[in-house]
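Structural overview
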Amino acid sequence: MSNVLKCEHLRVVFGGLAAVSDFNIQVNENEIVGLIGPNGAGKTTVFNLLTGVYTPTSGVIMLCEKDLAGMSTIARNHEGIARTFQNIRLFKDMSVIDNVMNSFNTRMSYSIAEAMFRLPRYWKEEKKAREKALELLHVFNMEDLANENAGNLPYGSQRRLEIIRALATNPKLLLLDEPAAGMNPAETENLMETIGKIRDQFHIAILLIEHDMSLVMGICENITVLNFGEVIAQGTPQEIQSNPVVIEAYLGKKRD
Amino acid sequence: MKELKLKTPVRYLINTVLIVVLWTLVTLFVAGAGLKGEYYRGILITIGINIILATSLNVVCGYLGQLPLGHAGFMAVGAYAGAIFMKSTPASQLLRAGNNAAVIPYIIIAVLISAVVAGLFGLLIGIPALRLKGDYLAIITLGFGEIIRVVLTNIDSVLGFKFTYGASGLARIPKFTSLNVIYIFTVICLFLIHVFMKSRHGRAVLSIRDNEIAAESVGINTTFYKTTAFVFSAMLAGVAGCLYAGYIGSLYPSTFKFMKSIEILVMVVLGGMGSMLGSVISAIVLTALPEILRSFSDYRMVAYSLALVLMMLFRPKGLMGTYDFSMGNTIENIVNKIRNGRGSKHE
Amino acid sequence: MTFSLLIAQLINGMQTGSVYALVALGYSMVYGIIKLLNFAHGDIIMVGAYMTYYAIASFALPPVLAIILAITVSTLLGVTVEKVAYTPLRSAPRLSLLITAIGVSFLLENGAQLLFGADQKSMDPLITGSVMLGQINVSYVAIVTILVSVVIMILLSFVVNKTKAGKAMRAVSEDMGAAQLMGISLNRTISMTFAIGSALAGIGSVLYLCAYTQASPTMGSMLGIKAFVAAVLGGIGSIPGAMIGGFTIGILEALVAAIGFSMWKDAAVFLVLIIVLLFKPTGFLGKKIQEKV
């Protein structure tokens with residue numbers, strides 16, 4: 001099994017304070033890895049380092065053996081990293097299908113002039129993109145909503161659309177930032193199915209941040225626990241659940 | 001009941017018919033107005049110029065979601081470029097001889113020159129300015145627009161020969177902007193904006209407006225698309241400037257003060273940001289309104305500004321919001337509604 | 001250019017710059033609190049200038065009364081505009097608010113044209129005479145203008161930093177929602193900001209009239225834009241920033257005019273603004289705000 005993401009000794013310092021230090025992780029193809037930890041542990045900071053929003057102070061990020069140092073968010077997406085956001089960031093005033101089709105932008109090739117003169121390549125690529133977008137929406141049972149405004153969707157569907165939009169960029173690694181936040185147990189159940197489906201149908205690596213332990217323990221093969229920017233435990237859900245350091249980080253130290 | 005779904009060629013056909021019908025109506029109206037025809041022609045041409053200005057600003061303002069206040073600068077650059085070219089051609093003599101057809105190639109070249117020159121300025125200004133956002137972008141583009149105006153006023157003293165004729169004005173420009181010319185170019189500009197927006201490039205621009213960080217995360221080259229939309233908008237403003245020069249016949253830098261940019265912005269916002277139909281309607285209304293109010297001459301500008309404030313207080317999202325009109329969709333909806341109405345009666 | 005001429009130009013520039021700085025403060029405070037580029041602010045100066053003119057030239061009031069009248073009318077006008085035109089739009093898109101401000105600005109300009117006529121009104125200078133400082137001839141107007149604005153700036157810093165009302169203003173501009181939860185009255189604080197800003201504009205209008213002795217319906221628009229440029233240059237939301245920005249622009253204009261390029265004055269101002277913004281996008285003393293991902 002080849003590794004998709006590999007981080008070594010990742011560290012970032014903001015104003016003298018290390019938000020993340022000595023962060024190591026490996027995510028393999030077809031694997032779902034959870035990143036958990038108390039609030040403010042530095043989980044989203046790790047995502048921002050991976051996607052190039054922040055520049056690491058030191059350390060290496062490798063995507064399929066390729067060093068990503070110095071690459072912008074856009075370039076990293078082209079390399080194969082896609083993400084969702086903790087606070088949903090959809091294109092609210094665009095239709096659902098346009099939200100998805102926008103992700104195909106870099107893999108379409110007709111120029112501005114070809115669009116303006118409506119040359120054959122425009123029609124061909126647009127048609128193909130529309131079909132592909134509908135197909136993707138169909139997989140997640142959203143094709144009926146294709147022409148709705150994304151901002152008018154119910155909360156759960158908005159989260160799902162954000163995942164579809166990320167998937168549409170054809171990533172090797174999908175980063176999900178608290179996908180279950182604000183969902184009720186039934187919606188969370190539904191989301192777990194969706195994430196499983198993504199892994200099975202698209203064969204990509206998934207790294208997810210989540211507070212909902214039933215979800216994390218239910219679908220992750222591997223879990224990394226962060227506290228105060230440092231990895232305090234790594235292992236399978238069973239190992240993590242019984243790890244005293246993790247329990248202490250979440251519940252506080254038992255007073256003797 | 002099967003829903004009516006119009007094919008693309010049918011939609012194009014409907015719009016073409018609509019454009020021809022409107023053209024016929026406008027022409028008949030001016031011809032039938034007798035002595036007042038010349039007055040109406042002037043207003044209609046101004047409306048056309050303002051439609052191009054408003055819809056082109058809407059590209060950056062409504063679709064890209066940035067706030068530039070230097071649109072008059074691009075209009076000025078286009079106007080001077082087109083005017084200086086037209087003055088170097090025999091267009092004046094041809095127009096005086098009534099040989100209108102022979103001027104057409106010159107007009108096309110002039111419009112293209114204006115578009116290219118204004119586009120170059122758009123690129124030159126857009127690259128640094130678009131690094132800033134919001135009100136900072138507004139003030140920096142306002143600055144560039146004012147610099148363009150000051151340069152147009154004073155460049156002759158630096159060059160040492162007559163080029164823009166400064167504050168005394170560039171006069172005797174061939175008056176090539178007829179009603180037909182403005183009509184055709186307005187339609188072309190609207191069409192170009194439409195086809196640009198309904199493509200992968202337009203989607204990318206809209207996605208930057210809705211959420212720039214998310215657009216980057218799905219691989220949209222935000223810098224490229226911001227610059228592209230800015231340059232595209234500047235080019236169209238240049239076209240409007242060129243047609244303005246050909247209508248008015250003499251150019252003064254003081255026409256292109258920042259108040260001009262603000263007037264155009266007002267049209268866009270009143271119409272509804274991101275709505276092309278809104279920009280068109282408000283360009284028509286705001287051009288015609290001061291003319292209609294002419295009989296109250298002293299009070300008309302007060303009434304105009306009062307209308308502006310009241311409009312914003314009662315419809316802060318503008319006339320049309322972000323609604324965009326499509327003749328094809330409207331017909332589809334009406335037909336489907338009628339069919340469904342009948343269908344439910346039969347049941 | 002001789003050294004004494006240079007100093008004379010610097011003093012000239014500081015005089016204009018003081019007026020810019022006073023007006024810039026109004027822009028800066030309002031922008032800081034409701035993120036609005038208040039286009040009508042420049043026109044409040046125009047109204048203040050007309051008040052001073054009519055009080056002195058038509059009603060022959062003593063200057064002190066005229067000044068008080070100008071400041072009172074400016075303040076009332078500023079607060080009225082805020083209450084009538086801006087308060088209803090507090091939750092509307094920011095651009096609608098901006099267009100409303102532009103509309104109010106148009107309204108004031110055109111209203112003034114209707115009421116006072118389109119022509120310029122000229123009056124006798126309020127302060128005459130000058131004093132020789134070494135080799136340099138300095139007018140009393142310049143001295144008074146610079147002194148008044150510096151004193152006001154110090155007073156304002158005190159009000160904003162030390163008084164309860166000032167703390168409320170800073171709290172609202174930092175986080176409107178949180179300030180409200182802490183029991184700060186939003187309406188009162190915003191009105192207060194407009195009142196102070198407009199009063200400063202009123203003082204600015206008197207100082208402007210002292211220097212140029214002319215009032216016209218459109219005098220506020222370019223003055224307003226320049227003052228806003230000064231506010232942005234110094235770092236919007238910052239009181240010392242507005243002062244630095246105002247002086248920078250005033251001195252720059254004076255120097256450009258002194259070397260014989262007075263026609264290029266406006267271009268020079270905007271060019272400096274552009275260069276500063278490109279290297280320091282929030283101005284000299286502005287704070288950087290980054291969007292959280």
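In the block above lies the structure referred to throughout.
Below is a summary of the structure that appears in this document. In this text, all values refer to a predicted model and were calculated from it rather than measured experimentally.

Definitions and cut-offs
Residues numbered from 1 in each chain as written. Chains lettered and ligands numbered in written order. Predicted model: local features only at pLDDT ≥ 70, side-chain atom pairs only at ≥ 80, totals over all residues. Heavy atoms only, no water. Helix = DSSP H or I, 4+ residues; strand = E, 2+ residues; numbered from the N terminus. Rg over C-alpha atoms; globule rule 2.2 N^0.38 Å. Buried < 20%, exposed > 50% of the residue type's maximum accessible area, 1.4 Å probe, protein only. Contact = heavy atoms within 4.5 Å. Pairing = 2+ DSSP bridges. Axes fitted to C-alpha atoms, helices over the stretch in contact; angles between N-to-C directions. Expected span 1.5 Å × (residues − 1). Buried area = accessible area lost by both parts, 1.4 Å probe. Salt bridge = Lys/Arg side-chain N within 4 Å of Asp/Glu carboxyl O. Nonpolar A, V, L, I, M, F, W, Y, C, P; charged D, E, K, R; others polar. Patch = residues over 30% accessible without salt bridge, like charges linked within 9 Å, V, L, I, M, F, W, Y side chains within 5 Å. Areas by Shrake-Rupley, 256 points an atom, 1.4 Å probe, with all protein chains shown as cover. Lys, Arg positive; Asp, Glu negative; His and termini not counted. Charge placed at Lys NZ, Arg CZ, Asp CG, Glu CD. Core = buried A, V, L, I, M, F, W, Y, C linked by side-chain atoms within 4.5 Å.

1. Some details on the overall build of chain B
A tally of regular secondary structure across chain B gives 14 helices and 0 strands. Each helix and strand of chain B, placed in order from N terminus to C terminus, yields the pattern α-α-α-α-α-α-α-α-α-α-α-α-α-α. In terms of overall dimensions, chain B is globule-like: its C-alpha atoms have a radius of gyration of 22 Å, near the 20 Å expected for 347 residues. Expressed as a percentage of the 347 residues in chain B, the buried residues total 54%. By sequence separation, contacts in chain B at least 24 residues apart represent 79% of the contacts at least 6 residues apart.

2. What about the sheet that holds strand S3 (residues 32-36) of chain A?
Residue and element names in this part refer to chain A. Here 6 strands make up an open sheet; going across it, the order is S6-S7-S8-S3-S9-S10 and the pairing mixed. Both outer strands of the open sheet, strand S6 (81-83) and strand S10 (230-235), are each paired with one neighbouring strand and no more. Geometrically, the sheet is characterised by an average inter-axis angle of 20 degrees between neighbouring strands, direction not taken into account. Of the pairings in the sheet, the one linking strand S9 (residues 222-227) to S10 comprises 5 bridges and is antiparallel in character. Bridge pairing in S10 places Thr224 opposite Gln234. This element, helix H1 (residues 43-50), spans S3, S6, strand S7 (173-177), strand S8 (205-209) and S9 of the sheet and lies at about 140 degrees to S8. Packed on one face of the sheet, helix H7 (residues 185-202) meets S3, S7 and S8 and runs near 155 degrees to S8.

3. Observations regarding helix H7 (residues 179-197) of chain B
Between its terminal C-alpha atoms H7(B) stretches 27 Å, which fits the 27 Å expected from 19 residues at 1.5 Å a residue. When we look at burial in H7(B), the residues that qualify are Leu179(B), Val181(B), Ile182(B), Tyr183(B), Phe185(B), Thr186(B), Cys189(B), Ile193(B), Val195(B), Phe196(B) and Met197(B).

4. Thoughts on the interface of chain C and chain B
How big an interface is tends to be stated in terms of accessible area lost as the parts join. Listed as interface residues are 44 residues of chain C and, on the opposing side, 42 residues of chain B. Contact between chain C and chain B buries roughly 3800 Å² in total, counting both sides, with carbon and sulfur atoms accounting for 83%. The largest share of the area that chain C buries against chain B comes from Ile99(C), Phe106(C) and Trp264(C), three residues that together contribute 16% of it. On the surface where chain C and chain B come into contact, there are 1 salt bridge. With a shortest N-O distance of 2.2 Å, Arg94(C) and Asp135(B) are connected by a salt bridge. For the side of chain C that touches chain B, the elements supplying multiple residues, two or more each, are helix H3 (63-86), helix H4 (94-116), helix H9 (219-234) and helix H11 (265-279) of chain C. Considering only residue class, the side of chain C that touches chain B consists of 33 nonpolar, 7 polar and 4 charged.

5. What about the sheet that holds strand S2 (residues 17-28) of chain A?
Residue and element names in this part refer to chain A. Read from one edge of the open sheet, 4 strands run S2-S1-S4-S5, paired in antiparallel fashion. Edge positions in the sheet fall to S2 and strand S5 (66-67), since each of these pairs with one other strand and no more. Where strand S4 (residues 58-63) meets S5, 2 bridges bridge the pair, whose relative direction is antiparallel. Within the sheet, the bridge partner assigned to Met62 lies in S5 and is Asp67. The sheet strands contacting H1 are strand S1 (3-14), S2 and S4, and the helix crosses S1 at an angle near 110 degrees.

6. Focus: a positive patch on the surface
Positive charge collects at one region of the surface, where Arg107(A), Lys124(A), Lys128(A) and Lys132(A) lie side by side. Summarising the element assignment, Arg107(A) is placed in the loop between helix H3 (96-101) and helix H4 (112-116).

7. Re the nonpolar core
Grouped together as the largest cluster of nonpolar side chains are 195 residues, with contacts concentrated most on Leu243(B), Leu251(B), Leu265(B), Phe39(C) and Tyr86(C). In this structure, Tyr110(A), Met183(A), Ile206(A) and Val225(A) belong to the second largest nonpolar core, which totals 49 residues.

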